[in-house]
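# Residue-level structure breakdown
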Amino acid sequence: MVLLAGCTTTASGVSAAPSATTTSAASTARASAATGCHSPVETTSLPDWADAGFHGGSRVPHVFGKTGDIVAVLFAHPLRQVREDGSNNKILWVARAATTSPNPTAPATLVITATLDGTDTTVTREVAGGPGPSIIDMPQAGCWHLDLRWSGHTDTIDLVYAP
């Protein structure tokens, strides 16, 4: 893995970047284990609180937040640092209904502060309106530790971005 120093990004960061590179789920799992990613990608049925719009026990790749109050449904798996095939890193963020708004004055925007494992590279992404559909790209491949904040709630999740 090559790490670049001095990487900077914009605050919004919700654009898609294309790539034709392919990496198997097995190599993504190896990267996850090697880099300290602690949020496994699951392909079991989504929990009842996160399955609205999905049919018949849909088994889509997803990752739970550490507290279990949010799930990242991965429409692109593996996630990629670069995409040239016209697809994008679409993630549907679903929060438990009980976590929607304990503080009505807290901003609804989902704010993601992501740090590349083993570095001080940090980027911020925002999903307007709170948990929901998004395109979340990262500037480098590797394990990204995400701190999530929305409507007065917090959680953490790790996501692996393949090259």
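Residues numbered from 1 in each chain as written. Predicted model: local features only at pLDDT ≥ 70, side-chain atom pairs only at ≥ 80, totals over all residues. Heavy atoms only, no water.

Let us look at the confidence of the model for the protein. In this model, the protein carries a mean pLDDT of 78, and residues with pLDDT of at least 70 account for 73%. pLDDT under 50 marks residues 1-35. Its contacts with residues more than four places away, or in other chains, come to 66 contacts. (pLDDT = per-residue confidence, 0-100. Contact = heavy atoms within 4.5 Å.)

To continue, consider the state of the cysteines. Across all of its chains, the model carries 1 disulfide by this definition. The side chain of Cys 37 participates in a disulfide bridge whose partner is Cys 143; the two sulfur atoms lie 1.9 Å from each other. Residues Cys 37 and Cys 143 are joined by a disulfide whose S-S torsion is about 110 degrees; by sign, that bridge is right-handed. Here Cys 143 lies in strand E10 (residues 142-150) and Cys 37 lies in the loop between helix H1 (25-35) and strand E2 (62-64), a separation of 106 residues in the sequence. Taken as a pair, Cys 37 and Cys 143 share a single burial class, namely buried. (Disulfide = S-S within 2.5 Å. Helix = DSSP H or I, 4+ residues; strand = E, 2+ residues; numbered from the N terminus. Buried < 20%, exposed > 50% of the residue type's maximum accessible area, 1.4 Å probe, protein only.)

This part is about the sheet that holds strand E4 (residues 79-80). Read across the open sheet, the 5 strands follow the order E4-E11-E10-E7-E8; overall the sheet is mixed. Each end of this open sheet is capped by a strand with a single partner; those strands are E4 and strand E8 (122-127). Where strand E7 (residues 110-116) lies against E10, 6 bridges are found, and the strand directions are antiparallel. Pairing of Ala 114 across the sheet is with Leu 146, part of E10. (Pairing = 2+ DSSP bridges.)

Right, let's get into the nonpolar core. Among soluble globular proteins, nonpolar side chains are generally buried collectively. Residues Ile 91, Trp 93, Leu 146, Leu 148 and Leu 159 are the most contacted members of the largest nonpolar core, which totals 24 residues. Of all the secondary-structure elements, those providing two or more residues to this core are strand E3 (70-74), strand E6 (90-95), E7, E8, E10 and strand E11 (153-162). With sequence-adjacent residues up to four places away left out, Leu 148 is seen in contact with Ile 70, Trp 93, Leu 110, Val 111, Ile 112, His 153, Thr 154, Asp 155 and Ile 157. Formed by 8 residues, the second largest nonpolar core is a distinct cluster that contains Leu 46, Phe 54, Val 60 and Leu 92. (Core = buried A, V, L, I, M, F, W, Y, C linked by side-chain atoms within 4.5 Å.)

The 4 strands are arranged E2-E3-E6-E9 in an open sheet whose pairing can be described as antiparallel. Edge positions in the sheet fall to E2 and strand E9 (133-135), since each of these pairs with one other strand and no more. Neighbouring strand axes in the sheet, compared pairwise and without regard to direction, differ in orientation by 25 degrees on average. Here E6 pairs with E9 via 3 bridges, running antiparallel. The partner of Leu 92 across the bridge, within E9, is Pro 133. (Axes fitted to C-alpha atoms, helices over the stretch in contact; angles between N-to-C directions.)

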